[in-house]
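Chain by chain, the residues:
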Amino acid sequence: MDPRLGLLGSLGFLGLLGFWTYRVDRTIFPFVFFLFFGFFGFFFEGRMSGTLMDERYRENQLRARTTASRTALSIIFLAVLLLGQGRLMGNLEVTLIAFVIVVVLALALELFLSSYLLYRYDHDEPAGGNEA
Amino acid sequence: MPEFTCRLKQYRQQKELTQEQLAAKVGVRRETIMRLEKAQYNPSLRLAVDISRAVGAPIEEIFLFPEEGQSGDG
């Protein structure tokens, strides 16, 4: 995979269109485009592609996915608790929009983090030099 | 961080193997061997056995774990 595919993450900015469409015809679907921010993870996935998936790689992958999922779930959990009351700015519609945005961003973060953390675990752990 | 001492480097050098060659023999990446030698990675039993066979030394001599507690045998 080409790391440049990570640029697809820029499509996430399309989500900002949601603010405009909501004002024009009350459409909130474009907020879902924030999900594309997760594609920034392709940059790290691309840099890791071609790597032999040995047991250490698989362990790191599992660790990265677990951490990413826990982070996203925690955010969604908090969002459900806080926004579930439906009273953000005293408006149910605004609450729904905020909820959609938070959930979509949390999912994007999960996508991104699972690739980013795998790369970090694999490269940033102290290792030392090449020895014959 | 695993709490053990690893003497893999010593046995690998005795066998005149490079990290790369040993990695290829046991089917892992060189970085994994590197971290193993620095006792920064706790291998699976499968990998430990493969490494032990590749360098021709018993597992317990390659990976030294400190004993926990005391043996009750009299």
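That block above? That's the structure.
The rules behind these values
- Within each chain, residue numbers correspond to sequence positions counted from 1 in written order.
- Naming scheme: in the order in which they are written, chains are lettered from A and ligands are numbered from 1.
- The predicted nature of this model means local features are confined to residues of pLDDT at least 70 and side-chain atom pairs, given and counted, to a pLDDT of 80 or more, with totals for whole chains, interfaces and linings taken over all residues.
- The side-chain quantities take in all heavy atoms of the structure and omit both hydrogens and water.
- The numbering of helices and of strands both runs from the N terminus, where a helix is a DSSP run of H or I of at least 4 residues and a strand a run of E of at least 2.
- C-alpha atoms define the radius of gyration, and 2.2 Å times the number of residues to the power 0.38 defines the globule rule.
- We call two residues in contact when some of their heavy atoms are within 4.5 Å.
- Structural elements are reduced to axes, namely lines fitted to C-alpha atoms, with helices fitted over the stretch in contact, and the angle between N-to-C directions of any two is expressed from 0 to 180 degrees.
- To sort the angles, those under 35 degrees are grouped as roughly parallel, those over 145 as roughly antiparallel, those from 65 to 115 as roughly perpendicular, and the leftovers as oblique.
- Left-handed describes a crossing whose near helix is turned anticlockwise from the far helix by less than a right angle; the clockwise case is right-handed.
- Any residue with an atom within 4 Å of a point lines the site, the site being either a cavity, points on a 1 Å grid over the protein atoms alone where a 1.4 Å probe fits but cannot get out, or a pocket, an open set with protein on both sides within 12 Å along at least 5 of 7 lines.
- Grid points are joined across faces, edges and corners, and a volume is the space filled by probe spheres set on the points.
- When residues are sorted by character, Ala, Val, Leu, Ile, Met, Phe, Trp, Tyr, Cys and Pro go into the nonpolar class, Asp, Glu, Lys and Arg into the charged class, and all the rest, Gly among them, into the polar class.
- Think of it this way: a Phe, Tyr or Trp ring, Trp meaning its six-membered ring, pairs with another when their centres are within 6.5 Å, and the plane angle makes it stacked under 30 degrees, edge-to-face over 60, tilted otherwise.
- Only protein chains enter the accessibility calculation, which uses a 1.4 Å probe; a residue is then buried when its area is under 20% of its type maximum, exposed when over 50%, and partly exposed in between.

(A) Representation of the overall build of chain A. Looking only at helices and strands, chain A has four helices and zero strands in total. Put simply, chain A runs from its N terminus to its C terminus through helices and strands in the order α-α-α-α. For a compact globule of 132 residues, the expected C-alpha radius of gyration is about 14 Å, and chain A comes in at 18 Å, more than 25% above that figure. Taken over the C-alpha atoms alone, chain A extends approximately 65 × 30 × 20 Å along its principal axes. If you take every contact in chain A between residues at least 6 apart in sequence, the share linking residues at least 24 apart comes to 74%.

(B) Molecular detail of the packing of helix 3 (residues 55–83) of chain A against helix 4 (residues 92–124) of chain A. Residues and elements named next belong to chain A. Remark: helix 3 packs on helix 4, axes separated minimally by 8 Å, with the N-to-C direction vectors making an angle of 165 degrees. One element, helix 3, and the other, helix 4, form an angle in the roughly antiparallel class. As helix 3 runs across helix 4, the sense of the crossing is right-handed.

(C) Representation of the side chain of Thr 21 of chain A in the model. Mapped onto the fold, Thr 21 of chain A is located in helix 1 (residues 17–25). Those residues in contact with Thr 21 of chain A, other than ones at most four positions away along the chain, are Arg 26, Thr 27 and Pro 30 of chain A.

(D) Focus on the layout of surface pockets. Residue and element names in this part refer to chain A. Empty space within the largest pocket amounts to approximately 320 Å³. Lining the largest pocket are 19 residues, and of these Glu 45, Gln 61, Arg 65, Ser 115 and Leu 118 sit closest to its centre. For the lining of the largest pocket, the secondary-structure elements that each account for two or more residues are helix 2 (41–48), helix 3 and helix 4. Tallying contributions element by element places helix 2 first for the lining of the largest pocket, with five residues. Each residue belonging to the lining of the largest pocket can be placed in one class, and the counts come to nine nonpolar, eight polar and two charged.

(E) Focus on the packing of aromatic side chains. All names here are of chain A. By the definition in use, this model includes 16 aromatic pairs over all chains. With a centroid separation of 6.3 Å and an interplanar angle of 25 degrees, the aromatic rings of Phe 31 and Phe 34 are classed as stacked. Aromatic side chains Phe 44 and Phe 112 sit 5.9 Å apart centroid to centroid with 70 degrees between the ring planes, which places their arrangement in the edge-to-face category. With Phe 44 in helix 2 and Phe 112 in helix 4, the pair connects residues that are 68 residues apart, well separated along the chain. Assessed through its relative accessible area of 22%, Phe 112 is described here as partly exposed. By the ring-pair criterion, three or more aromatic residues cluster together here, those being Phe 13, Phe 19, Phe 31, Phe 34, Phe 37 and Phe 40.

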